[in-house]
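Each chain is listed here by its residues.
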Amino acid sequence: MKQKILISLIILLGIIYIFFIPAEPVTVKLSFKVVPMLLIIWLASFQKASPNTSYKKWLLLGLLFCMIGDATLQWFLFGLTSFLIGHICYIVAFVQLKEKIIARPAATLLLLYGGFMVIWIAGTVFKSGDIILGVAVIAYITVILTMGWTAIQTNSKLATIGALSFIFSDSILSINMFITDVPFSHALIMMSYYGAQLLFAISISYYSVIRKKVLE
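Residues numbered from 1 in each chain as written. Predicted model: local features only at pLDDT ≥ 70, side-chain atom pairs only at ≥ 80, totals over all residues. Heavy atoms only, no water.

Draft legend 1. Quick look at the overall build of the chain. Within the chain one finds eight helices and zero strands. The globule rule puts the C-alpha radius of gyration for 216 residues at 17 Å, and the 17 Å found for the chain is close to it. Its C-alpha atoms put the chain at 55 × 40 × 25 Å along the principal axes. Scored against the burial criterion, the 216 residues of the chain give a buried share of 48%. When contacts within the chain are restricted to residue pairs at least 6 apart in sequence, long-range pairs at least 24 apart make up 73% of them. Surface exposure of the chain reaches about 11,200 Å², of which carbon and sulfur atoms provide 74%. The centroid of the 15 positive side-chain charges in the chain is displaced by 15 Å from the centroid of its 7 negative side-chain charges. (Helix = DSSP H or I, 4+ residues; strand = E, 2+ residues; numbered from the N terminus. Rg over C-alpha atoms; globule rule 2.2 N^0.38 Å. Buried < 20%, exposed > 50% of the residue type's maximum accessible area, 1.4 Å probe, protein only. Contact = heavy atoms within 4.5 Å. Areas by Shrake-Rupley, 256 points an atom, 1.4 Å probe, with all protein chains shown as cover. Lys, Arg positive; Asp, Glu negative; His and termini not counted. Charge placed at Lys NZ, Arg CZ, Asp CG, Glu CD.)

See below:
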């Protein structure tokens, strides 16, 4: 019951932030932005985890660094670095739960998509003359696709859908920031972002239950 109430509150506050909180003043907007993430971290903290992995610990670290990235994204490179560290934490978490080799079609799609985004997004940044930012964008694309790759290998639907949702969110953000304005970009970015983080948090206890049944 507690979990259902908390999830409902996360969804409600996420909707309020996305659709009803004005852009100004910025401090108020940022405050409302991080509240759903604080609740998601709280949700993750009381999930029952499998005792033979540190999946929960690394996932919590990932959520924390992503929340820091939320609050600092206006200083883009700093926020990007925080998200980068968050994704590395997710990768470490997902690697521990590896249960299968990624299917060739999925691997091919991820690699093709990554190559396309590097050429399109990073290429555009390099053309603008900002070499440091271009390198940072390539690094970020590489890491987030690796996060998706390792999530798929967990064989967890929650982790996989969450990772793909995160990739979608960051893709819209990148296109909107570096290429062209995307209609309803804010709603698309934040709904898929909050959804991804929520699925990651819930995946902690879900994996623990499935693992326990397998071992029995």
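Draft legend 2. The layout of surface pockets, seen in detail. Put simply, the largest pocket is a space of about 800 Å³. Taken together, 34 residues form the lining of the largest pocket, with Lys33, Leu73, Leu173, Met177 and Ile189 sitting closest to its centre. Of all the elements in the fold, those that place two or more residues in the lining of the largest pocket are helix 2 (26-45), helix 4 (76-96), helix 5 (104-127), helix 6 (131-153), helix 7 (157-179) and helix 8 (185-215). Here the lining of the largest pocket is built from residues that sort into 23 nonpolar, seven polar and four charged. (1 Å grid on protein atoms, 1.4 Å probe; cavity = no way out; pocket = protein on both sides within 12 Å on 5 of 7 lines; lining within 4 Å. Points joined across faces, edges and corners; volume = space filled by probe spheres on them. Nonpolar A, V, L, I, M, F, W, Y, C, P; charged D, E, K, R; others polar.)

Draft legend 3. Region of interest: the side chain of Thr150. Residue placement: Thr150 occurs in helix 6. Residue class for Thr150 comes out buried when judged on its relative accessible area of 7%. Beyond its immediate chain neighbours, meaning those up to four positions away, Thr150 contacts Ile91, Phe94 and Val95.

Draft legend 4. Structural detail: the confidence of the model for the chain. Of all residues in the chain, 94% attain a pLDDT of 70 or more, and the chain-wide mean is 92. Low pLDDT, under 50, characterises residues 212-216; the stretch is placed with zero contacts to residues that sit more than four places away or in other chains. (pLDDT = per-residue confidence, 0-100.)

Draft legend 5. View of the packing of helix 2 against helix 3 (residues 55-72). Running from amino to carboxyl end, helix 2 crosses helix 3 at an angle of 175°, the nearest separation of the two axes being 9 Å. Put simply, helix 2 runs roughly antiparallel to helix 3. In this structure, helix 2 contributes Leu30, Lys33, Val34, Met37, Leu38, Ile40, Ile41, Ala44 and Ser45 to the contact, and helix 3 contributes Lys56, Leu60, Leu63, Leu64, Cys66, Met67, Asp70 and Ala71. The residue inventory of the contact of helix 2 with helix 3, partitioned by class, reads 13 nonpolar, one polar and three charged. (Axes fitted to C-alpha atoms, helices over the stretch in contact; angles between N-to-C directions. Parallel < 35°, antiparallel > 145°, perpendicular 65-115°, else oblique.)

Draft legend 6. Layout of unusual backbone geometry. Going from Glu24 to Pro25, the amide bond is cis rather than trans, its omega being 0°. With respect to the helices and strands, Pro25 occurs in the loop between helix 1 (2-20) and helix 2. Its identity is not glycine, yet Phe184 carries a phi of approximately 55°, on the positive side. Here Phe184 shows up in the loop between helix 7 and helix 8. Take Phe184: its relative accessible area is 73%, and that puts it in the exposed class.

Draft legend 7. Structural context of the environment of Val125. Within the secondary structure, Val125 is located in helix 5. In this structure, Val125 is in contact with Asp130, Leu133, Gly134, Val137 and Phe178, ignoring residues within four places of it in sequence.

Draft legend 8. Here's a closer look at the packing of helix 5 against helix 6. The interhelical angle for the contact between helix 5 and helix 6, taken along N-to-C directions, is 165°, at an axis separation of 9 Å. One way to sum up the angle between helix 5 and helix 6 is to call them roughly antiparallel. Crossing handedness for the pair helix 5 and helix 6: right-handed. Each of Ala107, Leu110, Leu111, Tyr113, Gly114, Met117, Val118, Ile121, Ala122, Val125 and Phe126 in helix 5 lies in contact with helix 6, whose residues at this interface are Ile131, Leu133, Gly134, Val135, Val137, Ile138, Ile141, Leu145, Gly148, Trp149 and Ile152. (Left-handed = near helix turned anticlockwise from the far one by under 90°.)

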